[in-house]
Protein chains: 2
Amino acid sequence: MNKLYVVGLGPGDHKKMTVEAAGILDKCEVIAGYSVYIDLIKERYGNKEFIVTGMRQEEERCKRAIEKAEEGYKTAVVCSGDSGVYGMAGLIMELCQERENIEVEVVAGVTAALSGGAVLGAPLGHDFSVISLSDLMTTWEKIENRLKCAAMCDMVICLYNPSSRKRKDYLKKACEIVMEYKDWDTVCGYVKNIGRKGEECGILSLNEMKDFEADMFTTVFIGNKETKKIKNQMVTPRGYKI
Amino acid sequence: MNKLYVVGLGPGDHKKMTVEAAGILDKCEVIAGYSVYIDLIKERYGNKEFIVTGMRQEEERCKRAIEKAEEGYKTAVVCSGDSGVYGMAGLIMELCQERENIEVEVVAGVTAALSGGAVLGAPLGHDFSVISLSDLMTTWEKIENRLKCAAMCDMVICLYNPSSRKRKDYLKKACEIVMEYKDWDTVCGYVKNIGRKGEECGILSLNEMKDFEADMFTTVFIGNKETKKIKNQMVTPRGYKI
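All figures in this text were calculated on a predicted structure; none of them were measured in a lab.

A. Main features of the pairing of strand β3 (residues 49–53) of chain B. Residue and element names in this part refer to chain B. Two strands pair when backbone bridges link them, and strand β2 (residues 30–34) and β3 are joined in this way by 5 bridges, in the parallel orientation. Each residue of the ladder has a partner; that of Tyr34, found in β3, is Thr53. Note on the crossover from β2 through helix α2 (residues 35–41) to β3: the handedness is right-handed.

B. Expanded view of the sheet that holds strand β2 (residues 30–34) of chain A. Residues and elements named next belong to chain A. As summarised here, the arrangement of the 5 strands in space is β3-β2-β4-β1-β5, forming an open sheet in which the pairing is parallel. The sheet terminates laterally at β3 (49–53) and β5 (102–107), the two strands that pair on one side only. Looking at each pair of strands side by side, their axes are set apart by 20° on average, direction ignored. Across the sheet, helix α3 (residues 58–70) touches β1 (2–8), β2, β3, β4 (75–79) and β5, and the angle it forms with β3 is around 160°.

C. A look at helix α1 (residues 19–27) of chain A. Of the positions making up α1(A), those classed as buried are Glu20(A), Ala21(A), Ala22(A), Ile24(A) and Leu25(A). Where α1(A) is buried, its residues contact β1, β2, α2 (35–41), β4 and β5 of chain A together with α1 (19–27) of chain B.

D. Examining the relation of the copies chain B and chain A more closely. Mapping chain B onto chain A is achieved by rotating through 180° and translating by 0.0 Å along the same axis, at an RMSD of 0.0 Å. Such a turn and shift between the copies fits a two-fold axis. Most of the interface of chain B is mirrored in chain A, where 100% of its interface residues again form contacts.

E. Representation of the sheet that holds strand β12 (residues 228–230) of chain A in the model. Residues and elements named next belong to chain A. Read from one edge of the open sheet, 3 strands run β6-β13-β12, paired in mixed fashion. Strand pairing shows two members of the sheet lacking a second neighbour, β6 (121–122) and β12, which therefore form its edges. Note: β12 against strand β13 (residues 233–235), 3 bridges, orientation antiparallel. Residue pairing in the sheet places Lys228 in a bridge with Val235 of β13.

F. Geometry of the packing of aromatic side chains. Residues and elements named next belong to chain A. Counted by the stated rule, this structure contains 8 aromatic pairs over all chains. Judged by centre distance (5.2 Å) and plane angle (75°), the rings of Tyr34 and Tyr37 are edge-to-face. Neither residue differs from the other here; Tyr34 and Tyr37 are each classed as buried. Seen in terms of ring centroids, Trp140 and Tyr170 are 4.8 Å apart; in terms of plane orientation they differ by 50°. Their pairing is tilted.

What counts and what doesn't
Counting of residues starts from 1 at the beginning of each chain's written sequence and follows it residue by residue. The lettering of chains begins at A and the numbering of ligands begins at 1, in the order of writing. Reporting of local features is limited, given that this is a predicted model, to residues whose pLDDT is at least 70; pairs of side-chain atoms are given and counted only at 80 or more, and all residues count toward the totals for whole chains, interfaces and linings. Excluding hydrogens and water, the side-chain figures rest on all heavy atoms present in the structure. Pairing between strands is defined by DSSP: at least two bridges between them are needed. Here a strand is any run of E in DSSP of at least two residues, a helix any run of H or I of at least four, and the numbering for each starts at the N terminus. By convention, a crossover is right-handed whenever its connection, traced from the first strand over the helix to the second and viewed with the strands pointing away, goes clockwise. Axes, fitted as lines to C-alpha atoms, cover a helix only where it is in contact. Angles between the N-to-C directions of the axes lie from 0 to 180 degrees. Residue contacts are counted whenever heavy atoms from the two residues lie within 4.5 Å of one another. Buried, partly exposed and exposed residues are distinguished by accessible area as a fraction of the type maximum, computed with a 1.4 Å probe on protein chains only: under 20%, between the cut-offs, and over 50%, respectively. For this overlay, a least-squares fit was computed on C-alpha atoms, restricted to residues scoring pLDDT of at least 70 in both copies. Ring pairs shown here join Phe, Tyr and Trp side chains whose ring centres sit within 6.5 Å, with only the six-membered ring taken for Trp; geometry is labelled stacked below 30 degrees between planes, edge-to-face above 60, and tilted in between.

As structure tokens, then:
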């Protein structure tokens, strides 16, 4: 049985990978991934064969990796963060649906909600929702409804893909929806380039977040009613009476 | 400045930790944690001083760890999964609020939503909510409302603490609430003892999940409308047209 690994890299830095993920990449002969993430690991794994494609070429990349695995090469598809959270694991499984000669192993990684959360402090100390603002494959109505529902029940909200060149005002629109249910001074935070060169973070009110310029490498956190700023960190208490 | 690390272990097995977390535990002199999690790592770190307390003694445990760090010992508080997601990071920051001589570093880990997701396949391929059914520090009304909202907008829902001796029927109650909005045959999954001895997983319909006997080491996943079963794995597609 040929094995295909789908590996979550975490933010990208070797030390933020799991010990298991690092071990699997060490032993693989072929590594497939989005160019930005391959660049992050290429130096360390220079002796491998790489399958590198750009954005929106996920399907082609996964198909080529599946072929390599079928040819008998130890192959890994890498994703930033976790391999399952908006990652390639689902797509790989759909593509391998009819193939009996291949076994897919999903290797979890630290997704941006967690790695970004650690940079900010502890924003995810209570129930939370992870919502992507990308409407490439999801209707904006659905995104809007999810934002509304998550805000209505006062969950912490973590936003992925808050902005891109074509979607400059999406974060603003999202904050406006959330602000119908949460106070304007709800504690929010952002992290850019988590665990990478140029990492930058900040804590803002929801009203300030509305006008914040995020990019596609930014993760945004919107607190719940109890979320507070402690020593310049964003903390959502679990509920201990201290 | 004395440093106190709050480290997410992941499911418990050394290889599921990040490289960074493993390195920090290696160099620490004192490790504080809940007895069940200390047991998972004790063998490997036998030469350390351990601060071990039981459930519901989190505050005492954290205070003792803070004291050790203040005395100059390299100290880590460990949590299963991530250190921020229902973890000790927030409590530690609250307790260190007035202390100027201590710096807290949060080290992320793979939380059960991700590690359990990898065991099941790729249930978190699209927007999701993480909700704990424990009402020790949260009212049941709030939990109920969050379940309702997350179900209403068809997010994938990952349930932590679905059951305990005193809360035997909570998972049933939760599934009944969710079933007001999601179909009875929505694809669901569970994983018990993720990454540990006795790991066990299964895929059920929402209607079957209602009567499933979970325990406190079980993580439950409730899919969205698109979630499907592929080769006995639970997959929530991101939306690629394949």
